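Here are the chains, one letter per residue:
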Amino acid sequence: MFEIVKRKEMAQGTVVLNEIKAPKIAAKAKPGQFVILKANETGERIPLTMAYTDPEKGIIAVIYQVVGKSTALFSTLQEGQGFQDVIGPLGKATEIEKLGTVVCVGGGTGVAVMHPITKAMKEAGNHVIAIIGARTRDLLILEEEMKAASHDLRVCTDDGSYGHHGFVTDVLKQTLEKEDVKLVVGIGPVPMMKFVTKMTKEYNVKTLVSLNSIMVDGTGMCGCCRVSVGGETRFACVDGPEFDGHLVDFEELSKRLQAYTDMEKESYEQFKCACQS
Amino acid sequence: MGEKNDKKEKKSKKEKLPRQQMPEQKADVRKHNFDEVPLGYTKQMAMQEASRCLQCKKPACVEGCPVEIDIPEFIRYIQAGDFTKAIRHIWQRNSLPAICGRVCPQEDQCEGLCILGKKDEPVAIGHLERFAADYERHYGTGELPPKAESTGKRVAVVGSGPSGLTVAGDLILKGHEVTVFEAFHKGGGVLIYGIPEFRLPKEIVAQELNFLERLGVKIQCNEVVGKTTTLDELFEEGYEAIYLGVGAGLPRFLNIPGENLVGIYSANEYLTRANLMKAYRFPEYDTPLVKGKDVAVFGAGNVAMDAARTAMRMGADNVRIIYRRSREEMPAREAEIHHAEEEGIQFYLLTAPTRFMGNDQGRVSGMECLQMELGEPDDSGRRRPLPVKGSEFQLDCDLAVIAVGAGANPLLTQSTPELQLNKWGYVIADEKTGKTTKKGVWAGGDIVTGAATVILAAGAGRQCSNSIHDYLTIGW
Ligand SMILES: Cc1cc2nc3c(=O)[nH]c(=O)nc-3n(C[C@H](O)[C@H](O)[C@H](O)COP(=O)(O)OP(=O)(O)OC[C@H]3O[C@@H](n4cnc5c(N)ncnc54)[C@H](O)[C@@H]3O)c2cc1C
Ligand SMILES: Cc1cc2nc3c(=O)[nH]c(=O)nc-3n(C[C@H](O)[C@H](O)[C@H](O)COP(=O)(O)OP(=O)(O)OC[C@H]3O[C@@H](n4cnc5c(N)ncnc54)[C@H](O)[C@@H]3O)c2cc1C
Ligand code: SF4
Ligand code: FES
């Protein structure tokens, strides 16, 4: 068992942080990499990015949004309990280089994925502008951490309850207008990444996105996670998860993400009923 | 079954005894469940079948066996009713008989050469091997074989498929300390994630793993070598020899338009979801799987048959095997083709897909195929299929599984530049010893030969374990 040593709820309980004891993975993990977790014998293999690690304590942290059966099941696990299986670190690490001004755009739980990358970009000597957003103030996560990890943090909420009223892309546009941006990293829901890349394309600024395609093994043996990048089929688990956003076929990705919508609903409903009774 | 059997009958008469058919679940029943199809011999059937063997002086069957099991000898024990001796005799050459008895292509190996087969049907060597192993599993003492005195040497085995398990079993008995590292959360390799329950009950694989653990083998799952740890780190940790049995875990696709539509799977994904993740028991198990009404499976090997028969059991109306060559070239085991046919799988031979069509939701809804005809022999000696002009036709299809072979997964080899690979990315290993170009590292099974068979992988494991033992006791 991989023990949960710390559990914290965020964004009104819709997002959960788990610190998990996994010394071998902690020793190896780099920003941008992910793990695959399975709660129990009947569980599904779920990929989650490592939000931070502490190699000395042998700990990795994941931050996940409760969206369906598996993440709901994960969220029932308390400190002292744990996951039956944790596999990693998987995927390629983010290429961290000194480029100049880098903008890190995170939406929703994407902020959690963005945090270690932001920090590493700053440590590499870049001037880092971070833009984070959420639907509403209560759902915003890691604001303090992102402030510390960047030089300049800009916050947006869709409903205007906090920070800039509007989407992260509005603030990104202003930033692209004013600054000489060398690289944009955009991580969040697929529509957000699509809009970010559409915008940066206009400004001709290189953009990395992190693709959350459905996965099984995470080692390149099944092809479940395949995505089209520049007209070629790539496996997000081994060739990614980060790709050049200007080349990604987001339409295909969105459709593939909906492969099991009906079954997922059925599974989640059953789980909710079982929890209530 | 009720036939009389006088052991002293003359050879000519023996030949007349018909091959004992193994009882199996009826096709119209089994195509709705995942239980094993053939049910196994009774003692009487096994002894009767064993009595058909001519006990040849120069047994051709043994030459056909990749690990040279002394076949007439173990059959003799079965005939005499000494099943314990029979299985111990098989173990000398093959440590996975319950598995091999079920999945080996006997018609191309031992049974293909059996002298009886010239005029009549060959002895059912596979069924007898299976019987001996199952008998031991059910009634054996479970007594462990003796282990040599500890050498204090540590060996790492990467991959827990048949080749890795064979190496682990051999070396633990020779007194070495063995740890198996497996990327998946469960051990067994293709035996657990690929071959379905109805052909190889998972309980049998679990029992093999349990046997090794009882012998002292450590099986460490969730370790992706190349990611979680590297070969050099394993050496630093004190392992003195490493065996690579990582299989051919790279899916091949058709590279035709529409292949990324939802509902199109590689066989690896489809079978892993179904078998390892038990998607056929959704929602009791959490992993989902697309259920198709009109299913197309591309390829005609064991993998294709497994995928087709799984789809049938998941409730399909039509399951079609689409294969670009002819029936003779179909690489699957004879028994599986036969079982598939009985279950109502349709065979579209000399047919090649050209593209998939999808609906608004990006789900596959149909495909277009071309008729083929056979031309001159190609490099593989098989006649090359050539498209017939203007023969395009369309089929409905809401689930497609691509089972046209596998390649070498580069994950581990990329992290180990000293390992020399051939042009297809497979590890180059010495034919006799299995030594790779990196000191202290051996390789065998599918990662060396490309996708092959369980027994070839196990046989390679046996060769390598001998060489590893020599290295640990004598030197490289
Ligand atoms: C490399 C990678 C890193 C990720 N990192 C994070 C993270 O740090 N935090 C976070 O909240 N989410 C992350 N995700 C997404 C997360 O894996 C899904 O939200 C989760 O699998 C949903 O499972 P569920 O059963 O709770 O929901 P479901 O009801 O099953 O599904 C909800 C949606 O999640 C997606 N999904 C379902 N199963 C899988 C699967 N096996 N693999 C991937 N996606 C799936 C589907 O598109 C589906 O529409 C990441 C995904 C990937 C591929
Ligand atoms: C669906 C299917 C049906 C088949 N049917 C038959 C049949 O009927 N008869 C027959 O003889 N053969 C059959 N085969 C072929 C046979 O199963 C294989 O040839 C055999 O399993 C190869 O054994 P192996 O030990 O080389 O590798 P595998 O069985 O492939 O095992 C390799 C193991 O290594 C693990 N691994 C890979 N990379 C790493 C890594 N980096 N770190 C740690 N672990 C790793 C994998 O997860 C896997 O568990 C079938 C194959 C398939 C896929
Ligand atoms: S070839 Fe056939 S008859 Fe001869 S020993 Fe082998 S199994 Fe028996
Ligand atoms: S998840 Fe199986 S290949 Fe990427």
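Residue positions are counted from 1 within each chain, in the order its sequence is given. All chains are assigned letters beginning with A, and all ligands numbers beginning with 1, in the order in which they are written. Local features in this predicted model are restricted to residues whose pLDDT is 70 or higher, and side-chain atom pairs enter the listing and the counts only when it is 80 or higher, whereas totals over whole chains, interfaces and linings include all residues. Side-chain measures were taken over the full set of non-hydrogen atoms in the model, leaving aside hydrogen atoms and water.

**Let's talk about the overall build of chain A**
Helix and strand counts for chain A stand at nine helices and 16 strands. Only C-alpha atoms enter the radius of gyration; for comparison, a globular chain is expected to reach 2.2 Å times N to the power 0.38, where N is the number of residues. For 277 residues, the compact-globule estimate of 2.2 N^0.38 gives 19 Å, and chain A sits close to it at 18 Å. For the C-alpha atoms alone, the extent of chain A along its principal axes is close to 55 × 40 × 40 Å. Scored against the burial criterion, the 277 residues of chain A give a buried share of 56%. Any two residues having at least one pair of non-hydrogen atoms within 4.5 Å are treated as being in contact. Expressed as a percentage of contacts within chain A between residues at least 6 apart in sequence, the contacts between residues at least 24 apart total 65%. For chain A, the exposed surface amounts to about 11,600 Å²; the carbon and sulfur share of it is 49%. Taking the average place of the 32 positive charges on the side chains of chain A and the average place of its 36 negative ones, the gap between the two points comes to 2 Å. Counting from the N terminus, the helices are DSSP H or I runs at least four residues long and the strands are E runs at least two residues long. Think of it in three bands: residues with accessible area under 20% of the maximum for their type are buried, residues over 50% are exposed, and the middle band is partly exposed, with areas taken using a 1.4 Å probe on protein chains only. Only the protein chains shown count as cover for residues, and all accessible areas are computed by the Shrake-Rupley method using a 1.4 Å probe. Positive charges are assigned to Lys and Arg, negative charges to Asp and Glu, while His and the chain termini are left out of the count. Every charge is mapped to an atom, namely NZ of Lys, CZ of Arg, CG of Asp or CD of Glu.

**Let's talk about the nonpolar core**
What makes a nonpolar core is a set of buried Ala, Val, Leu, Ile, Met, Phe, Trp, Tyr and Cys residues whose side-chain atoms join them at distances within 4.5 Å. Grouped together as the largest cluster of nonpolar side chains are 75 residues, with contacts concentrated most on Ile71, Phe74, Ile75, Ile78, Leu128 and Ile468 of chain B. At seven residues, the largest contribution of residues to this core is made by helix 19 (residues 454–473) of chain B. Excluding residues that lie within four positions of it along the chain, Ile468 of chain B makes contacts with Val155, Val167, Leu171, Ala241, Tyr243 and Trp442 of chain B. Listed in part, the 51 residues of the second largest apolar core include Val184 and Phe243 of chain A together with Cys369 and Ala400 of chain B.

**A word on the site of ligand 3**
Nearness is judged by heavy atoms alone; a residue qualifies as near a molecule or strand once a single heavy atom is within 4 Å of it. The full set of residues close to ligand 3 is Cys53, Leu54, Cys56, Pro59, Cys61, Pro72, Cys114, Ile115, Val123 and Ile125 of chain B. Residue classes follow a fixed rule: Ala, Val, Leu, Ile, Met, Phe, Trp, Tyr, Cys and Pro count as nonpolar, while Asp, Glu, Lys and Arg count as charged, and any other residue, Gly among them, counts as polar. Its residues assigned to classes, the shell around ligand 3 comprises 10 nonpolar, no polar and no charged.

**Regarding the packing of aromatic side chains**
The aromatic pairing rule takes the rings of Phe, Tyr and Trp, using the six-membered ring of Trp, and pairs them if the centres are within 6.5 Å, calling planes under 30 degrees apart stacked, those over 60 edge-to-face and the rest tilted. Taken as a whole, this structure holds 14 aromatic pairs over all chains when the rule is applied. The interplanar angle of 75 degrees and the centroid separation of 6.4 Å between the aromatic rings of Phe235 of chain A and Phe253 of chain B together place this pair among those described as edge-to-face. Taken as a pair, Phe235 of chain A in strand 15 (residues 232–235) and Phe253 of chain B in the loop between strand 5 (250–251) and strand 6 (264–266) lie in two separate chains rather than in one. A relative accessible area of 10% places Phe235 of chain A in the buried class.

**Observations regarding the sheet that holds strand 4 (residues 46–54) of chain A**
All names here are of chain A. Spatial strand order, 6-1-2-5-4-3-7: seven strands in an open sheet with antiparallel pairing. Among the strands making up the open sheet, the edge pair consists of strand 6 (82–83) and strand 7 (85–90). Contacts between helix 2 (residues 69–76) and the sheet are confined to strand 1 (2–10), strand 2 (15–21), strand 3 (34–38), strand 4, strand 5 (59–65) and strand 6, with strand 5 contributing the most and set at about 130 degrees to the helix. The criterion for strand pairing is that DSSP finds at least two bridges linking the strands in question. Each axis is a line fitted through C-alpha atoms, taken for helices only over the stretch in contact, and angles between the N-to-C directions span 0 to 180 degrees.

**Some details on the sheet that holds strand 8 (residues 318–322) of chain B**
Residues and elements named next belong to chain B. Spatially, 6-14-7-8-9 is the arrangement adopted by the five strands of the open sheet, whose pairing is parallel. One side of each edge strand has no neighbouring strand; the edge strands of this open sheet are strand 6 and strand 9 (346–348). For this sheet, the mean inter-axis angle between neighbouring strands, taken without regard to orientation, is 20 degrees. Of the pairings in the sheet, the one linking strand 7 (residues 294–298) to strand 14 (residues 399–402) comprises four bridges and is parallel in character.

**Section: the packing of helix 6 (residues 190–203) of chain A against helix 8 (residues 250–257) of chain A**
All names here are of chain A. Between helix 6 and helix 8, the shortest axis-to-axis distance is 10 Å and the interhelical angle comes to 175 degrees. In this view, helix 6 runs roughly antiparallel relative to helix 8, as classed from their interaxial angle. Along its contact with helix 6, which presents Val190, Met193, Lys194 and Thr197, the element helix 8 presents Phe250, Glu251, Leu253, Ser254 and Leu257. In terms of residue class, the contact of helix 6 with helix 8 is made up of five nonpolar, two polar and two charged. Roughly parallel means an angle under 35 degrees; roughly antiparallel means over 145; roughly perpendicular covers 65 to 115; every other angle is labelled oblique.

**Details of the site of ligand 1**
Residue and element names in this part refer to chain A. Lining the immediate environment of ligand 1, one finds 23 residues, of which Pro47, Ile63, Gln65, Thr71 and Leu257 sit closest. Polar contact is defined as a pair of N or O atoms within 3.5 Å, subject to the rule that within protein one atom must be able to donate a hydrogen and the other to accept it, and that residues adjacent in sequence are counted only when both atoms are side-chain atoms. With respect to ligand 1, the backbone of Gln65 contributes an N or O atom lying 2.9 Å from an oxygen atom. For ligand 1, an oxygen atom lies 2.9 Å from a polar atom in the backbone of Ser70. Protein contacts shield 88% of the accessible area of ligand 1, which totals 870 Å² for the unbound molecule. Mapped by element, the contributors of at least two residues to the shell around ligand 1 are strand 4, strand 5 and helix 2. Here the shell around ligand 1 takes four residues from strand 4, the largest share from any one element. When grouped by side-chain class, the residues that make up the shell around ligand 1 number 11 nonpolar, eight polar and four charged.

**Here's the deal with the pairing of strand 14 of chain B**
All names here are of chain B. Of the two faces of strand 14, the one carrying Leu399 and Val401 and the one carrying Ala400 and Ile402 are both buried. Taken together, the three bridges between strand 6 and strand 14 define a ladder with parallel strand orientation. Across the sheet, residue Ile264 finds its bridge partner in strand 14, namely Ala400.

**Structural notes on the confidence of the model for chain B**
As a per-residue measure, pLDDT tells how confident the predictor is, with possible values from 0 to 100. The predicted model of chain B averages 92 in pLDDT, with 97% of residues at 70 or higher. Predicted complex, confidence summary: ipTM 0.92, pTM 0.92.

**A short note on helix 2 of chain A**
The buried fraction of helix 2 of chain A amounts to seven of the eight residues, a majority that puts the element mostly inside the structure. Along helix 2 of chain A, the positions that sit buried rather than exposed are Lys69, Ser70, Thr71, Ala72, Leu73, Phe74 and Ser75 of chain A.

**A short note on the side chain of Asp217 of chain A**
Secondary-structure assignment places Asp217 of chain A in the loop between strand 13 (206–210) and strand 14 (226–229). By definition, a salt bridge exists where a carboxyl oxygen of Asp or Glu is found within 4 Å of a side-chain nitrogen of Lys or Arg. No salt bridge is formed by the buried Asp217 of chain A; its nearest oppositely charged neighbour, Arg45 of chain A, is found at 6.5 Å. Of note is the side chain of Asp217 of chain A, whose polar atom sits 2.7 Å from the side chain of Thr219 of chain A. Within the structure, the side chain of Asp217 of chain A is placed 2.9 Å from the backbone nitrogen of Met221 of chain A, a separation counted as a polar contact. Excluding residues within four positions of it along the chain, Asp217 of chain A makes contact with Ile36, Arg45, Leu90 and Cys222 of chain A together with Phe184 of chain B.

**Considerations on the pattern of salt bridges**
Side chains that differ in charge, positive against negative, can pair when their charged atoms come close. Residues and elements named next belong to chain B. Taken as a whole, this structure holds 43 salt bridges over all chains when the rule is applied. The salt bridge involving Arg30 is made with Glu343; its shortest N-O contact spans 2.5 Å. Of this pair, Arg30 sits in helix 2 (residues 27–30) while Glu343 sits in the loop between helix 16 (334–342) and strand 9; the two residues are 313 residues apart in sequence, bridging distant segments of the chain. Taking relative accessible area as the criterion, Glu343 reaches 0% and is therefore assigned buried.

**A look at the packing of helix 2 of chain A against helix 9 (residues 261–276) of chain A**
The packing of two helices is summarised by the inter-axis angle and the distance between the axes. All names here are of chain A. Two elements in contact, helix 2 and helix 9, have axes separated by 8 Å at closest approach and are oriented at 30 degrees. Taken together, the axes of helix 2 and helix 9 are roughly parallel relative to one another. Facing Lys69, Ala72, Leu73 and Thr76 of helix 2, the residues of helix 9 in contact are Ser267, Tyr268 and Phe271. Partitioning the contact of helix 2 with helix 9 into residue classes produces four nonpolar, two polar and one charged.

**Regarding the pairing of strand 2 (residues 177–181) of chain B**
Across a regular strand the side chains alternate sides, sitting on one face of the sheet and then on the other. Residue and element names in this part refer to chain B. The element strand 2 is extensively covered by neighbouring structure, given that four of its five residues are classed as buried. Where strand 1 (residues 154–158) and strand 2 come together, five bridges link them in parallel fashion. For Val155, the partnering residue across the bridge sits in strand 2 and is Val178. With strands facing away from the observer, any crossover in which the path from the first strand over the helix to the second runs clockwise is taken as right-handed. Handedness of the strand 1-helix 10 (residues 162–173)-strand 2 crossover: right-handed. With three bridges joining them, strand 2 and strand 3 (residues 218–220) adopt parallel strand pairing. Bridge pairing in strand 3 places Val180 opposite Ile219.

**Details of the environment of Ala72 of chain A**
Residue and element names in this part refer to chain A. With respect to the helices and strands, Ala72 occurs in helix 2. A residue is classified by how much of its surface remains accessible, and Ala72, at 7% relative accessible area, is buried. Those residues in contact with Ala72, other than ones at most four positions away along the chain, are Val66, Tyr268 and Phe271.

**Some remarks on the interface of chain B and chain A**
Accessible area lost upon the coming together of the parts is a frequently used measure of interface size. In this complex, chain B contributes 45 residues to the contact, which on the side of chain A involves 45 residues. Together, the buried faces of chain B and chain A total about 3,600 Å²; carbon and sulfur atoms form 53% of this surface. When two components associate, each loses some accessible surface as probed by a 1.4 Å sphere; the sum of these losses over both components is called the buried area. When the area that chain B buries against chain A is broken down by residue, the three leading residues are Lys227, Asn260 and Asp286 of chain B, summing to 20%. Our enumeration of links across chain B and chain A arrives at four salt bridges.

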